[in-house]
Each structure stands twice: as structure tokens, then as C-alpha cells.
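# Tertiary structure, described
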Amino acid sequence: MNTPALPARPAPPANPHWARVGGRVAVVRLVDAFYRAMDSRPEAATIRAMHAPDLGHTKAVLVQYLCEWMGGPKDYSGQRGSPMLRRRHQPFAIDAAARDAWMACMRQALAECIDDPGLRAELDAAFWKIADFIRNTEDGGATRPHPGRPMEVAPHATPATHASAAAAGVSVSPAATVPPPTRSST
């Protein structure tokens, strides 16, 4: 019996940020600078309160996540599974002010740790997408609907990472015609 071959998909381009940032040592510096900013910026008090007083575990998890997200070792997903960032942050009310405070801390860390202005701008844009995606509360406290997932938008397509999507010129946008998933009340 002849089974038709599936069309070959080219592998997405490797994420260039890992090497450009400087690997794990640089990611650790970035995470340390990020949490220093969170501890020192008055507008970050609300988001800092969402974390445990001891940031040791939180820092380690963020380092693992960012290493993988930037194209480094896949230790995060190997140990913790799919990131599911919005779901993991669902217990916290993350509104535009929280997103903006998080971004202010990350921008301060990027300015402190990343000398290359082009790389800083690329990372800033990528972090902004994630920070806004995680936002789950509208101003005033209403729940913000989930903006959609790439697999819901195009179930036949392989979701692209932030870097590979940009390199391929792919725009992944929420589907206006796909209703958001319903939440269970249990």
C-alpha cells in the first residue's frame, strides 16, 4: 500500500537572540537586573507583590524560560511542559498598568544588560507582545477575553516562534471569527 508522503515543511530559522544576547550568563544578568528594577521602581510594587518574597525559584524559572525562548537549551519545556504563559498568570489580575510596569522593569534591564540597540529593540518588541498577551484584566476590572491561539487561528499551521515568524514575514493575529474558549465555572 502506498501512503502519500506529507509535504515537507522547512524548519523554522533558528532564533538568533540566544547567541546575540550572549547565552545563559547574559540571560542570568538580564533576569537579575529585571528583578532589581522590580524591587526598586515604585510603579512595580503591584507586580512585585504577585511574587514570593524570596525570588530564588522565580528567577531560576524565568532564566530557564528565557534561555529557551531566545533559542537556547530547551530545559524549561523539558521540566515544566508548554509555557502556557497566560494560563500560568491567570490567578493574578494583570491589567494595562501591570503590563506597563513589567515592561518598564524589562526595559530598564535591557538597557542595563544589552549594549546592541538593534537587539534591545527586537527584544523589547518581542517582550511587549508577550506582556500584552498575558494581560487578562481590562481597566476597571473586567476579564479580558483570551486573544486566541495560533492553532485556533490556523489549525493546519505550525505555530511560529516570535523570531521565526518575523524572519518568515508571518503575521500571527487573533482570529476575529473564532470565539474565545469558554471558561468552566468549576
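Structure: above.
Throughout what follows, the structure given in this document is the object of discussion. Computed from a predicted structure; not experimentally measured.

Per the counting criterion, the structure on display carries 11 salt bridges. For D39, the salt bridge identified is with R48, shortest N-O distance 2.6 Å. Its salt-bridge partner being R41, residue E43 comes within 2.7 Å of it at the nearest N-O pair. Accessibility expressed as a relative area gives 40% for E43, which makes it partly exposed.

Residues L66, W69, M70, L123 and F127 are the most contacted members of the largest nonpolar core, which totals 40 residues. Looking at this core, the elements with two or more residues in it are α2 (23-40), α4 (56-69), α7 (96-113) and α8 (117-134). Examining the composition of this core, we find that 9 residues originate from one element, α2, more than from any other.

Here we take up the packing of α2 against α4. Interaxial distance between α2 and α4 falls to 9 Å at its minimum, and their mutual angle equals 130°. Put simply, α2 runs oblique to α4. The chirality of how α2 crosses α4 is right-handed. In this structure, α2 uses R24, V27, V28, L30, V31, D32, F34 and Y35 to contact α4, whose residues at the interface are T58, K59, L62, V63, L66 and C67. Classifying every residue of the contact of α2 with α4 by side-chain character gives 10 nonpolar, 1 polar and 3 charged.

For the pair α7 and α8, the least separation of the axes is 10 Å and the interaxial angle reads 160°. Taken together, the axes of α7 and α8 are roughly antiparallel relative to one another. Helix-helix and strand crossings are classified by hand; for α7 and α8 the assignment is right-handed. The residues of α8 that touch α7, namely those facing R99, D100, W102, M103, M106, R107, L110 and A111, are R120, L123, D124, F127, W128, A131 and D132. In the contact of α7 with α8, the residues fall into 9 nonpolar, no polar and 6 charged.

Our focus in this paragraph is the packing of aromatic side chains. Following the criterion strictly, the structure yields 6 aromatic pairs and no others. Aromatic pair Y65 and W69: ring centres 6.4 Å apart, planes at 20°, arrangement stacked. Of this pair, Y65 and W69 both sit in helix α4, 4 residues apart, which is roughly one turn of the helix. A relative accessible area of 12% places Y65 in the buried class. By relative accessible area, W69 is classed as buried at 12%. What links up through ring pairs into an aromatic cluster is the set F34, Y35, Y65, W69, Y76, W102 and F127.

Attention now goes to the side chain of N136. With respect to the secondary-structure elements, N136 resides in the loop between α8 and α9 (150-153). Judged by relative accessible area, which is 3%, N136 ranks as buried. Within the local environment of N136, its side chain forms a polar contact with the side chain of T137, the two groups lying 2.8 Å apart. Beyond its immediate stretch of four places on either side in the chain, N136 contacts R86, H89, Q90, F92, A93, I94, A142, T143 and R144.

Take the side chain of D124 next. The topology assignment puts D124 in helix α8. Here D124 falls in the buried class, since its relative accessible area comes to 18%. In this structure D124 touches M103, R107 and L110, once residues within four positions along its chain are discounted.

Relative to the assigned elements, A33 resides in helix α2. By relative accessible area, A33 is classed as buried at 2%. Separated by 78 residues in sequence, A33 and A111 place their C-alpha atoms 9.6 Å apart. Contact partners of A33, with chain neighbours within four places excluded, come to A109, E112 and C113.

What counts, and at which threshold
Residues numbered from 1 in each chain as written. Predicted model: local features only at pLDDT ≥ 70, side-chain atom pairs only at ≥ 80, totals over all residues. Heavy atoms only, no water. Salt bridge = Lys/Arg side-chain N within 4 Å of Asp/Glu carboxyl O. Buried < 20%, exposed > 50% of the residue type's maximum accessible area, 1.4 Å probe, protein only. Core = buried A, V, L, I, M, F, W, Y, C linked by side-chain atoms within 4.5 Å. Helix = DSSP H or I, 4+ residues; strand = E, 2+ residues; numbered from the N terminus. Axes fitted to C-alpha atoms, helices over the stretch in contact; angles between N-to-C directions. Parallel < 35°, antiparallel > 145°, perpendicular 65-115°, else oblique. Left-handed = near helix turned anticlockwise from the far one by under 90°. Contact = heavy atoms within 4.5 Å. Nonpolar A, V, L, I, M, F, W, Y, C, P; charged D, E, K, R; others polar. Phe/Tyr/Trp six-rings, centres within 6.5 Å; stacked < 30°, edge-to-face > 60°. Polar contact = N/O pair within 3.5 Å; in protein donor to acceptor, adjacent residues only side chain to side chain.

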